[in-house]
There are 2 protein chains.
Amino acid sequence: MWRPFFEQYHLIIVQDGDPSKTIKVPEGFDYELYNRNDINRILGPKASCISFKDSACRCFAYMVSKKKYIYTIDDDCFVAKDPSGKDINALEQHIKNLLCPATPFFFNTLYDPYREGADFVRGYPFSLREGAPTAVSHGLWLNIPDYDAPTQLVKPRERNTRYVDAVLTIPKGTLFPMCGMNLAFDRELIGPAMYFGLMGDGQPIGRYDDMWAGWCVKVICDHLGLGVKTGLPYIWHSKASNPFVNLKKEYKGIFWQEEIIPFFQSATLPKECTSVQKCYIELSKQVKEKLGAVDPYFNKLADAMVTWIEAWDELNNTSEQTSSKKAGQWGCQVNQSNIAFQSCGL
Amino acid sequence: MWRPFFEQYHLIIVQDGDPSKTIKVPEGFDYELYNRNDINRILGPKASCISFKDSACRCFAYMVSKKKYIYTIDDDCFVAKDPSGKDINALEQHIKNLLCPATPFFFNTLYDPYREGADFVRGYPFSLREGAPTAVSHGLWLNIPDYDAPTQLVKPRERNTRYVDAVLTIPKGTLFPMCGMNLAFDRELIGPAMYFGLMGDGQPIGRYDDMWAGWCVKVICDHLGLGVKTGLPYIWHSKASNPFVNLKKEYKGIFWQEEIIPFFQSATLPKECTSVQKCYIELSKQVKEKLGAVDPYFNKLADAMVTWIEAWDELNNTSEQTSSKKAGQWGCQVNQSNIAFQSCGL
C-alpha cells in the first residue's frame, strides 16, 4: 500500500525485540536494518540511551540517518483517503509543510498563509510575514484517534472521521502533545532534540516517548525561533492498541505529566544556547534539578539525554551532513519482524 | 436569506451616517434602531467615544444590549453552505462555541475536544480537561477573505474556497487578528473590552476597529483565564471593499501595528485587575504610557477607552443584567439605510 509513496526514499528499519529473528524486507526498497546487536555494536556503552521493547527505539534511526528530512510512522498506519476518495501522499504533504515557513509569532486565522488560495489576513503584522523555518510537521490520524488509556476505556468505539483540511503553526510558548505515529522533521534543524527517552524494558513508563520528545522539541524550537506545524497529512490508523496494556504503561505518566508540563511551560534557555545540542544539554540539567524530586527516574533520564547528545555528536560530523532538499528518509520501528512488515503494508 | 436564522433573536441596528435618513426594517423582526442623534442623546458628552462613519460605531449596540450573547455581522455577508450544500446556521454554531469550554492552556491536536467525535488526545494533561469559559467565538469567511489593502491589491482575484471543518482555541499568550465580520461573544464575560476604538470620521485611521478590540480582548481573556475560539462557522462574504479606499484608511495602521502588537504581546495586568472593567482601565493607562510616543492619537484613544468604560457602567447595572442562556442578540452597523438592509439579506 505504501510502496508507491515510499519506494523512492531511503528506509531505516529499527528491529525491536529479539535480534535473532530475521526480518524480511520486500523487494525494491533501499534500506538499512538495525537490530539490538547492531545498536550495541555501534554505540557501545552509549547504547544505554536507546530504549528496548518500546517504540522509543526508533530514535536510533534519526541518529544514524544522513538525510535532511526524516519521516517516522507506526506499523499499524495505512494510506488514508481525502474527502474526494484520493489516496493521500503523506510524505509529499510533510515535505511541503517542512519546506514552507511557519508562523509561530502571531496566529493567522486562515491557517497556513503559504498554502495555495490562502494568505495572511488583515491585521497580520507585515514584519512577521517572512515566517520562521519549519522544523517539525506533525500529521494526524483518521479512524483510530491517538487517545490515552483512560479515554480508550471510556470511548472504545470512537473513530475519527473528521477530515480537517488545514495545516497550522503551533504558536510560540504553547506546548502540544506530539504523537510519533505520523511525524516528519528537519534533522538539520532539530534532529538532536528528537530523543524518545528511556521507555519500555526496565523503565517505569511507556507511551510517553513521543510526548517527551515533543515537549523538549517545542521548548527548543521556541528558543531558536523555529516553527512546528500540525494538521495535514492524515494517515489511516488501523487498530487501537490494548487499553489495559496501555494503562499499565501510562500509569505513572498520567501523574507525572501534571508536573512535567508546568516544568516545560516555564522552562527558559539562556542566550548562550545557540545550537540544538547546547539547548538539549541545558534542558537535561534543568530536568535533573527540577524533576529529579518527582521521581529518581528523571535523574536517569537526564543522564540518558546527555548520553544521547554525546552519541549523536560521535556519529554525526556536521560537515559530512548532506543537505539535499529532495532526499528523504523513513524510520520505522519494527516490533515483530514479519507481522510488522505486513502491517506496515510494504 | 438570514430571516430563518435571525427571526427569533433580538436585533440592535446602529444606523451610521446621516441620521435624517429613514431605515426600513423588514416585518417580523424584534429590533431596536439607533442613529447618531440617539447615541448623542443617550450618552451625552460620552458619545465622543463612539466612532462615526466607520464600522466601529457598532460597539454602541454591545453597550446598550441587555442580552448575554452578542453576534455581530457585516452587511455584505450572506448565508454560506457547508460542503454537503446545506445552509450554515452561523448563530447556532457560535452559540455552541460559546457554550462549550475553551482550551487555552495546552494545544489539542484534534482541535476542539468538546465536539462530537473528538476528545483530548494522549498526552493532554487531565487537570486541564475542564477547560476555561469561552468568551469569544470568531467565525470565518468563504469567498472574499478578510485581506488588508496591500494583499487585496496584489491578489484581486483570490477567493477562499477552503472549508476547514474545525473550531480551535487560540492559545494563551498568542495574539490574533480578530475580524468583526462574523463575531460572537459572551457579553457578561468580556463585553466591556469589546470597544471598537476611535476610527473613521475625524480620526487618522480606519479598519483597525476590530483589530484593536481583538488585541485588548485577548490580553484580558488571557489574564482572566477566558478562552477565545476561531474557525467555524463560515459566512459568505459577498464583496471585497475598495482596496484604494482601504489603503487610505489602513495606511497609518500598517506602520503602527508594528509597534502596537509588540506592546500587546508584552502587556501584563496586575493581580488586582479582577474584572474586565479594571483590566480595561489598566490597559488604557499602559496605552497612554507606551503608545503615546508613537502618535498623539493614542493619548486620545486611551482617554476614549476610559470614557467607554464610564459609559458602559452608567448604562449597565450589573444586578439588572439578564443571563438567560437562550437569549441572543444581533448587532449590525448600517452604513446606508435601504441598501444596507438589502445587502443584510433581511
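Labelled according to an unreviewed UniProt entry, chain A appears under the name UDP-arabinopyranose mutase, originating from Vigna unguiculata. The UniProt entry for chain A carries the following comment under Function (unreviewed entry): "Probable UDP-L-arabinose mutase involved in the biosynthesis of cell wall non-cellulosic polysaccharides."

Asker: Just checking my understanding: could you explain the overall build of chain A for this structure?
Answerer: Helix and strand counts for chain A stand at 11 helices and nine strands. Compactness check: chain A gives a C-alpha radius of gyration of 19 Å against a globular reference of 20 Å for 346 residues, within 12% of the reference. Considered along the principal axes of its C-alpha atoms, chain A spans approximately 60 × 50 × 50 Å. Here chain A, with 346 residues, has 62% of them falling under the buried criterion. Considering only contacts in chain A between residues 6 or more positions apart, those separated by 24 or more positions represent 76%. Accessible area for chain A stands at about 13300 Å²; split by element, carbon and sulfur atoms hold 52% of it. Taking the 38 positively charged and 40 negatively charged side chains of chain A as two groups, their mean positions are separated by 2 Å.

Asker: What is the right way to look at the UniProt feature "site: Required for activity" (unreviewed entry) in chain A in this model?
Answerer: UniProt's entry tags A:R122 and A:R129 with the feature "site: Required for activity" (unreviewed entry), counted in the numbering of this structure. With respect to the helices and strands, A:R122 occurs in the loop between α4 (90-99) and β5 (134-143). Not counting the four nearest positions on each side in its chain, A:R122 is found in contact with B:D146, B:Y147, B:D148, B:P177, B:C179, B:R207, B:D210, B:M211 and B:E250. For A:R129, the location among the structural elements is in the loop between α4 and β5. In this view, A:R129 contacts A:Y114, A:F120, A:V121, A:Y124, B:D148 and B:T151; residues no more than four positions away in its chain are not counted.

Asker: So what exactly am I meant to see when it comes to the interface of chain B and chain A here?
Answerer: For interface size, the figure often reported is the accessible area lost on association. Across the boundary between the two partners, chain B contributes 59 residues, which contact 59 residues of chain A. Across the chain B to chain A interface the summed buried area is about 5000 Å²; carbon plus sulfur atoms make up 57%. Note that B:D148 and A:R129 form a salt bridge whose closest N and O atoms lie 2.8 Å from each other. Inspection of the chain B/chain A interface yields 26 residue pairs in polar contact (both at pLDDT 80 or more). Only β5 (134-143), α5 (149-154), α7 (209-224), β8 (227-237) and α8 (243-266) of chain B provide two or more residues apiece to the side of chain B that touches chain A.

Asker: Where do I start with the packing of helix α7 (residues 209-224) of chain A against helix α9 (residues 276-291) of chain A in this structure?
Answerer: Residue and element names in this part refer to chain A. Look at α7 against α9: their axes get within 10 Å of each other, and the N-to-C directions meet at 125°. Relative to α9, the element α7 lies oblique. In this structure, α7 crosses over α9, and the sense of that crossing is right-handed. Here α7 contributes W212, C216, V219, I220, H223 and L224 to the contact with α9, which in turn contributes V276, C279, Y280, L283, V287 and L291. The residue inventory of the contact of α7 with α9, partitioned by class, reads 11 nonpolar, one polar and no charged.

Asker: What exactly am I supposed to notice about the packing of aromatic side chains here?
Answerer: Describing an aromatic ring pair means giving the distance of the ring centres and the angle of the ring planes. Scanning the model with the defined rule gives 44 aromatic pairs over all chains in all. With a centroid separation of 5.3 Å and an interplanar angle of 75°, the aromatic rings of B:Y297 and B:F298 are classed as edge-to-face. In this structure, B:Y297 and B:F298 share a single accessibility class: buried. Grouped by ring-pair contacts, the aromatic residues A:Y208, A:W212, A:W215, A:W256, A:F263, A:F264, A:Y297 and A:F298 constitute a single cluster. Its guanidinium or amino end placed over the ring of A:F126, A:R129 lies 3.8 Å from that ring's centre, counting from NZ or CZ.

Asker: Honestly, the state of the cysteines in this entry has me stumped. Any pointers?
Answerer: Taken as a whole and assessed by the stated rule, the structure comprises zero disulfides over all chains. Here A:C179 stays free of any disulfide, with the sulfur of A:C77 as its closest cysteine sulfur at 7.8 Å.

Asker: Just checking my understanding: could you explain the pattern of salt bridges for this structure?
Answerer: Pairing between side chains of opposite charge can happen when their charged atoms approach one another. Enumeration according to the criterion identifies 36 salt bridges over all chains in this entry. Residue A:E188 is joined to A:K68 by a salt bridge in which the shortest nitrogen-to-oxygen separation is 3.3 Å. Within this pair, whereas A:E188 is found in helix α6 (residues 187-190), its partner A:K68 is found in the loop between α3 (59-64) and β3 (69-73), the two being separated by 120 residues in sequence. On the accessibility criterion, A:E188 (30% relative accessible area) is partly exposed. In this structure A:K68 comes out as buried when scored by relative accessible area, which is 10%. Linking B:K155 and B:E158 is a salt bridge whose minimum nitrogen-to-oxygen distance equals 3.3 Å. With a relative accessible area of 26%, B:K155 lands in the partly exposed category. Each of A:K68, A:D186 and A:E188 takes part in a single network of salt bridges with overlapping partners.

Asker: Got a minute to help me understand the side chain of A:D209 in this structure?
Answerer: Tracing the sequence through the fold places A:D209 in helix α7. Despite its burial, A:D209 remains without a salt bridge, the nearest opposite charge being carried by B:R122 at 4.8 Å. Ignoring sequence-local partners within four residues, the contact set of A:D209 consists of A:D54, A:S55, A:A56, A:Y195, A:F196 and A:M199.

Conventions used here
- Along each chain, residues carry numbers from 1 onward, in the same order as the chain's sequence is written.
- Naming scheme: in the order in which they are written, chains are lettered from A and ligands are numbered from 1.
- Confidence filtering applies because this is a predicted model: local features only for residues at pLDDT of at least 70, side-chain atom pairs given and counted only at 80 or more, and all residues used for totals across whole chains, interfaces and linings.
- Just so you know, side-chain values use all the structure's heavy atoms and leave hydrogens and water out.
- UniProt positions are given in the numbering used here, feature names are shortened, and annotations may be inferred rather than shown by experiment.
- Elements are defined by DSSP. Helices are runs of H or I of four residues or more, strands are runs of E of two residues or more, and each kind is numbered from the N terminus.
- Only C-alpha atoms enter the radius of gyration, while the globule expectation follows 2.2 Å times N to the 0.38, with N the number of residues.
- Burial status follows relative accessibility: with a 1.4 Å probe on protein chains alone, a residue under 20% of its type maximum counts as buried, one over 50% as exposed, and anything between as partly exposed.
- Should any heavy atoms of two residues lie within 4.5 Å, those residues are counted as being in contact.
- Note on areas: Shrake-Rupley with a 1.4 Å probe; residue coverage comes only from the protein chains shown.
- Asp and Glu count as negative and Lys and Arg as positive, but His and the ends of the chain are not part of the count.
- Charged side chains are reduced to one point each, which is NZ for Lys, CZ for Arg, CG for Asp and CD for Glu.
- Put simply, buried area is the surface a 1.4 Å probe can reach on two separate parts but cannot reach once they are joined, added for both.
- What makes a salt bridge here is a side-chain nitrogen of Lys or Arg within 4 Å of a carboxyl oxygen of Asp or Glu, nothing more.
- Here a polar contact is recorded for every N or O atom pair within 3.5 Å, except that within protein the pair must consist of a potential hydrogen donor and a potential acceptor, and residues adjacent in sequence are included only if both atoms are side-chain atoms.
- Comment: axis = line fitted to C-alpha atoms, over the contacting stretch for helices; angle = value between 0 and 180 degrees taken between N-to-C directions.
- The labels follow the angle: roughly parallel below 35 degrees, roughly antiparallel above 145, roughly perpendicular from 65 to 115, and oblique for the rest.
- Crossing chirality is assigned from the near helix's rotation relative to the far helix, an anticlockwise turn below a right angle marking it left-handed and a clockwise turn marking it right-handed.
- Put simply, Ala, Val, Leu, Ile, Met, Phe, Trp, Tyr, Cys and Pro go in the nonpolar bin, Asp, Glu, Lys and Arg in the charged bin, and everything else, Gly too, in the polar bin.
- For Phe, Tyr and Trp, where Trp contributes only its six-membered ring, two rings pair if their centres lie within 6.5 Å, and the inter-plane angle classes them as stacked under 30 degrees, edge-to-face over 60, or tilted in between.
- Working rule: Lys NZ or Arg CZ, within 6 Å of ring centre, within 35 degrees of ring normal, means a charge sits over the ring.
- Pairs of cysteine sulfur atoms within 2.5 Å are what we label disulfides.

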